[in-house]
Amino acid sequence: PSGTPPPPGTPPRDELVESLQLGRCRVSGRVLRLERLCVRALQAAVLSGPEGAVLLVRRAREIVELFLAVAPTRMPKPMVPHVALMLHNDCRYLSHACLLLALPYFWRLPEGARAEASLVEFAEPLRAAGKAALERAVESQTSSLLATLDRAGPLSSVGEDELAGSLAQRAAAQLARELAALRTTWCDALPASAALPCAARMAEAIMGALYHKLIELRHISERDSRALHRLLSYLLPACEELLSASARAPLGPRAEHLVPSLRRCRQVAWILDARLAQVVDRHTAGGLDGLPPRHLLLLTRALWTEEALLANARSMHAQLVAEASAGDARVSLRRG
């Protein structure tokens, strides 16, 4: 009844629902064979006498125990994300199977075998092993993506210096290809409930690192601005497509909530292609609220001279200076 507390030890509702749901995903033939072995052992136990039934039920349990003990140790070094994804899916699939596998046979088993027939106790350790494998895969893949972004260099003078511009464009194009490849290697392999959070984490890491590279620039010429805008035009759609593929549907504005740096980079891209008067109008209308005042101040000072800002954007400039100073004061108070 409504309002009645759950029995002690019952997992939170979200965890319980997650354990009972199994979305579309790829699993290995290995885990399907293990499931069949467990089923055959339980089927044979139903047809056996009391002693044989106990032995066969224990064999079913040992199959799961052996997988749980051995599978996580077979991860290759260096890390291969696809192998870790398959281990995650296998663990999740077998965890789900453990909740239901013995159910059709339980009451048909001899009474002495029923005490050991349940496999439910393996469900949580299997889910934990799968989550650990997925976490290692996300960390490895994110490191690889960030290494590709680092090949773009500091992004200074990308429009003025031919070599700097070439390095940045090649790195951006390569990163866009790698993000596109993830739609197959990650999004098609994982269930949507796991794919979307992973894709969001990786996209945030890339967009966050790129955003900080842009904010750290102290001078952006007109040519630099056009080159940086082109670079963002490679990467913003690639991240959005990755998120939509992982969700199995277009995300639209929700993508910016999942990946806050996506919104910041989109607003930076707009500023790079805008005139100062347009920036002032959009700031007044609240259309640049994704950028902290200090970051917006740094970006405008990199794009335009102090004289131009005081002559054509005095009010916005003064407001940004005041808000940035107030933010610095709050940070100093918290540190103190």
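Heads up: the structure comes first, above all this text.
Residues numbered from 1 in each chain as written. Predicted model: local features only at pLDDT ≥ 70, side-chain atom pairs only at ≥ 80, totals over all residues. Heavy atoms only, no water.

This next bit is on the side chain of Asn89. Mapped onto the elements of the fold, Asn89 is located in helix α4 (residues 81-100). For Asn89, a relative accessible area of 0% gives the class buried. Within the local environment of Asn89, its side chain forms a polar contact with the side chain of His88, the two groups lying 3.0 Å apart. Those residues within four positions of Asn89 in sequence are excluded, and the remaining contacts are Cys25, Arg26, Val27, Ala189, Leu190 and Pro191. (Helix = DSSP H or I, 4+ residues; strand = E, 2+ residues; numbered from the N terminus. Buried < 20%, exposed > 50% of the residue type's maximum accessible area, 1.4 Å probe, protein only. Polar contact = N/O pair within 3.5 Å; in protein donor to acceptor, adjacent residues only side chain to side chain. Contact = heavy atoms within 4.5 Å.)

Here we come to the packing of aromatic side chains. What the rule picks out here adds up to 1 aromatic pair. Seen in terms of ring centroids, Phe106 and Trp107 are 5.0 Å apart; in terms of plane orientation they differ by 90°. Their pairing is edge-to-face. The partly exposed category is assigned to Phe106, whose relative accessible area is 23%. Relative accessible area serves as the criterion here: at 65%, Trp107 is assigned to the exposed category. Taking the ring centre of Tyr211 as reference, the NZ or CZ of Arg264 above it sits at 6.0 Å. (Phe/Tyr/Trp six-rings, centres within 6.5 Å; stacked < 30°, edge-to-face > 60°. Lys NZ or Arg CZ within 6 Å of the ring centre and 35° of its normal.)

Applying the stated criterion across every chain, the model contains 14 salt bridges. Arg266 is the partner of Glu240 in a salt bridge, and the nearest nitrogen-oxygen pair spans 1.9 Å. Here Arg266 lies in helix α11 (residues 260-272) and Glu240 lies in helix α9 (residues 222-247), a separation of 26 residues in the sequence. Using a relative accessible area of 26% as the deciding quantity, one classes Glu240 as partly exposed. Between Asp289 and Arg263 there is a salt bridge whose closest N-O contact spans 2.6 Å. (Salt bridge = Lys/Arg side-chain N within 4 Å of Asp/Glu carboxyl O.)

Here the focus is the nonpolar core. By size, the foremost hydrophobic cluster in this structure holds 105 residues, and its most contacted members are Leu155, Trp186, Met207, Leu210, Leu232, Leu243 and Ile271. Element by element, the count of residues in this core is highest for helix α8 (residues 192-215), at 14 residues. Ignoring any residue separated from it by four or fewer positions in sequence, one finds Leu232 in contact with Leu210, Leu214, Pro237, Cys265, Val268, Ala269 and Leu272. (Core = buried A, V, L, I, M, F, W, Y, C linked by side-chain atoms within 4.5 Å.)

Right, let's talk about the environment of His257 for a bit. Tracing the sequence through the fold places His257 in helix α10 (residues 254-258). Judged by relative accessible area, His257 falls into the exposed class, the value being 68%. Considering only alpha carbons, one finds His257 and Val27, 230 residues apart in sequence, at a separation of 31 Å.

Before going further, it helps to spend a moment on the packing of helix α2 (residues 29-46) against helix α3 (residues 50-70). Running from N to C, α2 and α3 cross one another at 165°; their axes reach a closest spacing of 7 Å. For the element pair α2 / α3, the angle class is roughly antiparallel. Handedness of the crossing formed by α2 with α3: left-handed. Contacts between α2 and α3 involve Arg30, Leu34, Leu37, Cys38, Ala41, Leu42, Ala44 and Ala45 from the first element and Ala53, Leu56, Val57, Ala60, Ile63, Val64 and Phe67 from the second. (Axes fitted to C-alpha atoms, helices over the stretch in contact; angles between N-to-C directions. Parallel < 35°, antiparallel > 145°, perpendicular 65-115°, else oblique. Left-handed = near helix turned anticlockwise from the far one by under 90°.)

All we've got here are geometric facts, nothing functional implied.
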